[in-house]
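Tertiary structure, described
The residues making up each chain are set out below.
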Amino acid sequence: MSRRLREAMVLSLLLAGPRLALADPYEDALAGARLAAETGRFSAAAQALAEPAATWPQDFPLQLTRAYYLLRAGAYQDAEAQYRVSLALEPGSPEARRGLADARLGRGAPDRLWVGLAGSGTTFSGQASRSSFFTGALTVDALVADRWLAGGLYRALGSTSGLTGGGPGRSGSTGGTSSIQHEGHLWLGLAEASWQLRLHAAAIGGSAVTRAGVEQVYGYRGVAAGVSALLLAGLEWRASAVTSWYEDLTVSQLEGTATLPVGDQLALRVGGRTQLGGGEPTAAALAAVEWRGPLDLALRGEYGLQRRPADLEAHVLYDLPEELRWAARLQVGYLLGHRTRAWLGADLEGWRGTTAPGAPAGQPQPELTATRFSGGLTISF
């Protein structure tokens, strides 16, 4: 081999070396995917982006491109999952929302049905005339055409203890030794990729038997609306509005929260609630820490005042006349199988009760604490 030929070979290797060293697997994968897509091989294009999508999970254009290739390949279920990943990164993306709708339409999203059973027991302390009550509930939720929400709830609340100034039953049923309350709730809603709207109606009635043996029948009705939406990247916003009508009082409530994910499994939620009842406004601050792992944990707290609280998310329209001072709640959920989820909860609430009817004017309002343990099971079909 001549000297000139050897020099030419060394020069060519030196020139080629930097190009080989600068080879970019990201760009190579994109180029290979584009080439496969141009020839109609969308499955191969999606596969070419599988490893880069896992390596760079925060790359929105990459995730969206792979979702598009999966959609074109007819892998609608995988495409739906990929579009949801994209929406989590950019909730306001119209391309991701439209692609998700196309993927769900393509796979013929099946209707879903959830049936839940729940119960709780509450013990009061700080007021001798009140001890405890229990609840039992049956819920049915349905998702039709992967878009429409419908559901209902029946709940029974009972107490065998004395009642002063209210309790699980209607306020005004004073001196009672037992009470039973029945609740019927119905809701309808619309769910899209990044938001959900729900309308809730409730009718509640029951009776309480006083120490004198007099049975008092009571009831009220209410409606509620709530919306949850992913409006900003990484922030989940929720809002609800509730109005309840009593024969002696109308209560309206507004609540809003914002949730900020911290890492893959931790989330922080802050917000507030305001109520207007009988011309008297009240307010409470809300805060929560949620662990969204295999074992779901949620620790929630609030401090402030409210009357006859309504919890839209838990499908609750209570009828309690006290003013809530503070509350701490812990709930643990666990997925038992593909279709079954169980949860346990513990609540501790501090209340300032209203003065009993007929009591001397200026009598201090009693303080009491409620301790509640609850549990439930949800099965999907």
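Parameters and conventions
Per chain, residues are indexed from 1 in the order of the written sequence. Given that this is a predicted model, residues contribute local features only at a pLDDT of at least 70 and side-chain atom pairs are listed and counted only at 80 or more, while totals for whole chains, interfaces and linings are drawn from all residues. Only heavy atoms go into the side-chain values, all of them from the structure, while hydrogens and water stay out. Secondary structure counts use DSSP, requiring at least four H or I residues in a row for a helix and at least two E residues in a row for a strand, with both numbered from the N terminus. Exposed residues in this analysis have more than 50% of their type's maximum accessible area, buried residues have under 20%, and partly exposed residues fall in between, with area computed by a 1.4 Å probe over protein chains only. A contact between two residues is defined here by any heavy atoms of the two lying within 4.5 Å. The method behind every accessible area is Shrake-Rupley, applied with a 1.4 Å probe, and residues are considered shielded solely by the protein chains displayed. The set of buried Ala, Val, Leu, Ile, Met, Phe, Trp, Tyr and Cys residues whose side-chain atoms join them within 4.5 Å is what this entry labels a nonpolar core. For this analysis, a polar contact is any N or O atom pair within 3.5 Å, provided that within protein one partner can donate a hydrogen and the other can accept it, and provided that sequence-adjacent residues contribute only side-chain to side-chain pairs. The score called pLDDT rates the predictor's confidence residue by residue, from a low of 0 to a high of 100. To estimate how far a helix should reach, multiply one less than its number of residues by 1.5 Å. What goes into a patch is any residue over 30% in relative accessible area without a salt bridge, connected to like charges within 9 Å or, for nonpolar side chains (Val, Leu, Ile, Met, Phe, Trp, Tyr), within 5 Å. The working definition used for a salt bridge is a side-chain nitrogen of Lys or Arg within 4 Å of a carboxyl oxygen of Asp or Glu. Only centres within 6.5 Å qualify two rings of Phe, Tyr or Trp (six-membered ring in Trp) as a pair; their planes then separate them into stacked at under 30 degrees, edge-to-face at over 60, and tilted for everything else. Here a strand pair is declared whenever DSSP counts at least two bridges between the two strands.

Digging into the overall build of the chain
The number of helices and strands found in the chain is seven helices and 16 strands. Per-residue burial over the chain gives 40% buried out of 381 residues. Across the chain, the fraction of contacts at a sequence separation of at least 24, relative to all contacts at a separation of at least 6, is 50%. Working note: accessible area of the chain is about 19,900 Å², and carbon and sulfur atoms make up 63% of it.

Quick look at the nonpolar core
By size, the foremost hydrophobic cluster in this structure holds 24 residues, and its most contacted members are A45, L49, Y69, A79 and Y83. Of all the elements in the fold, those that place two or more residues in this core are α2 (25–38), α3 (42–48), α5 (60–72), α6 (76–89) and α7 (94–107). If we ignore the near neighbours within four places in the chain, the residues touching L49 are A29, L30, A33, L62, T65, R66 and Y69. One finds F124, L157, A327 and W351 within the second-largest nonpolar core, a separate group that totals eight residues.

Notes on the side chain of S380
Relative to the helices and strands, S380 is located in strand β16 (residues 367–380). At a separation of 3.3 Å, a polar atom in the side chain of S380 contacts the side chain of R112. Discounting chain neighbours no more than four positions away, the residues touching S380 are R112, L113, W114 and R339.

Brief notes about the confidence of the model for the chain
On average, the chain scores 78 in pLDDT, and the residues at 70 or more come to 74%. Confidence drops under pLDDT 50 across residues 163–175; counting only partners more than four residues distant or on other chains, this segment forms 51 contacts.

Focus: α5
Across its 13 residues, α5 extends 18 Å between first and last C-alpha, which sits within 8% of the 18 Å expected from 1.5 Å per residue. Turning to α5, its buried residues are F60, L62, Q63, L64, R66, A67, Y69, L70 and L71. At the N-terminal end of α5, a side-chain oxygen is found 3.1 Å from the backbone nitrogen of L62, two or three residues along, and the residue is D59. G74 lies just past α5 and shows a positive phi near 85°.

Let's talk about a nonpolar patch on the surface
A contiguous nonpolar surface patch, about 1,100 Å² in accessible area, is contributed by L113, L117, L138, V140, W291, L295, L297, Y334, L336, L377, I379 and F381. Breaking the nonpolar patch down by element, the ones donating at least two residues are β1 (112–125), β2 (132–144), β11 (295–304) and β16. Mapped onto the elements of the fold, F381 is located in the segment after β16.

Regarding the environment of G121
Secondary-structure assignment places G121 in strand β1. Residue G121 is classed as partly exposed on the basis of its relative accessible area, which comes to 30%. Remark: the alpha-carbon pair of G121 and F134, spanning 13 residues in sequence, is separated by 4.4 Å.

Considerations on the packing of aromatic side chains
Per the counting criterion, the structure on display carries three aromatic pairs. Consider the rings of F42 and Y69, whose centres lie 6.4 Å apart with planes at 40°: the pair is tilted. With F42 in helix α3 and Y69 in helix α5, this residue pair connects regions lying 27 residues apart in the sequence. Here F42 matches Y69 in class, with each residue buried. Ring geometry for Y68 and Y69: centres 6.0 Å apart, planes at 50°, overall tilted. Under the relative-accessibility criterion, Y68 is labelled partly exposed at 37%. Taking the relative accessible area as the measure of exposure, Y69 reaches 8% and is therefore buried. Grouping aromatic residues by their ring pairs yields a cluster made of F42, Y68 and Y69.

Focus: the pairing of β1
Two strands pair when backbone bridges link them, and β1 and β2 are joined in this way by 12 bridges, in the antiparallel orientation. When the bridges of β2 are listed, L117 appears paired with L138. The pairing of β1 with β16 spans 12 bridges and is classified as antiparallel. Bridge pairing in β16 places W114 opposite S380.

Quick word on the pattern of salt bridges
Summed over the entire model, instances satisfying the criterion amount to 12 salt bridges. In this structure, R84 and E80 form a salt bridge, with 3.0 Å as the shortest nitrogen-oxygen distance. Of the two residues, R84 and E80 both sit in helix α6, four residues apart, roughly one turn of that helix. In this structure R84 comes out as partly exposed when scored by relative accessible area, which is 39%.

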